[in-house]
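# Close look at the chain arrangement
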Amino acid sequence: MIRPILIHPDPRLKKRCEPVGEITDEVRKLAADMLETMYDAPGIGLAAPQVGVMKRVLVMDCIKEGPAEPMVLVNPVVEWVSEDLTVYEEGCLSIPEQYADVKRPAEVRVRWTDLEGAEQERQFSGLWATCVQHEIDHLDGKLFIDYLGPLKRQMITRKMEKLKRERAREG
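Let me begin by describing the structure that accompanies this report. (Residues numbered from 1 in each chain as written. Predicted model: local features only at pLDDT ≥ 70, side-chain atom pairs only at ≥ 80, totals over all residues. Heavy atoms only, no water.)

This part is about the side chain of D137. Inspection of the secondary structure assignment puts D137 in helix α2 (residues 126-139). Owing to a relative accessible area of 11%, D137 belongs among the buried residues under this scheme. Residues within four places of D137 in sequence aside, it is in contact with R104, K142 and Y147. (Helix = DSSP H or I, 4+ residues; strand = E, 2+ residues; numbered from the N terminus. Buried < 20%, exposed > 50% of the residue type's maximum accessible area, 1.4 Å probe, protein only. Contact = heavy atoms within 4.5 Å.)

In space, the 5 strands of this open sheet follow the order β1-β2-β3-β6-β7, with antiparallel pairing throughout. Two strands lie at the open edges of the sheet, namely β1 (45-47) and β7 (119-125), each paired on one side alone. Each neighbouring strand pair of the sheet contributes to a mean axis angle of 40°, computed without reference to strand direction. Here strand β3 (residues 71-81) pairs with strand β6 (residues 107-113) via 5 bridges, running antiparallel. Across the sheet, V81 pairs through a bridge with V108, a residue of β6. Of the strands in this sheet, β1, β2 (57-60), β3, β6 and β7 are in contact with α2, which crosses β2 at around 155°. (Pairing = 2+ DSSP bridges. Axes fitted to C-alpha atoms, helices over the stretch in contact; angles between N-to-C directions.)

Before going further, it helps to spend a moment on the pairing of β7. Within a regular strand, the side chains alternate between the two sheet faces. With 7 bridges connecting them, β6 and β7 associate as antiparallel partners. If you follow R111 over to β7, its bridge partner there is E121. Two successive antiparallel strands, β6 and β7, enclose a turn made up of 5 residues, where G117 displays a positive phi of approximately 90°.

Glancing now at the side chain of Q133. Structurally, Q133 is set in helix α2. Exposure remark for Q133: the relative accessible area of 9% places this residue in the buried category. If we ignore the near neighbours within four places in the chain, the residues touching Q133 are R104, P105 and V108.

Treat this as a map of the structure, not an account of what it does.
Here it is, written out as structure tokens:
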């Protein structure tokens, strides 16, 4: 089921999410819905708070061409970050049509629980590293625009407030 994506500013996007206690059918259903929502948007990552669920769950798939590689990370934890930094132009499904360069570690090692309840660990680089850090930020109540200067951040926030008003009138 495709779920509605919250648009910034929304107080839920600024809150730290609760860890998932155990992997249940409800968590698996959330992950399936999130993947469907992400692909439909279309995007390469989506965190549970973006669909109004305050749990530490994210999905991502950074393969643009070729077979999909959907990943579901429950309770992800960054174990290590490289000293090397990289800059990517980031966007966000909760901040539609707004993009900005964000500097982050070029590589990260992340540990998480999969949908079978098994612990996983993987080192990510390139777009995958940027995406997983962006989505984990969502779980901590942080948006990519929080990395920008105050003027640029305020400008984007005003555009999103206007977009929300327009959508409310149309809806």
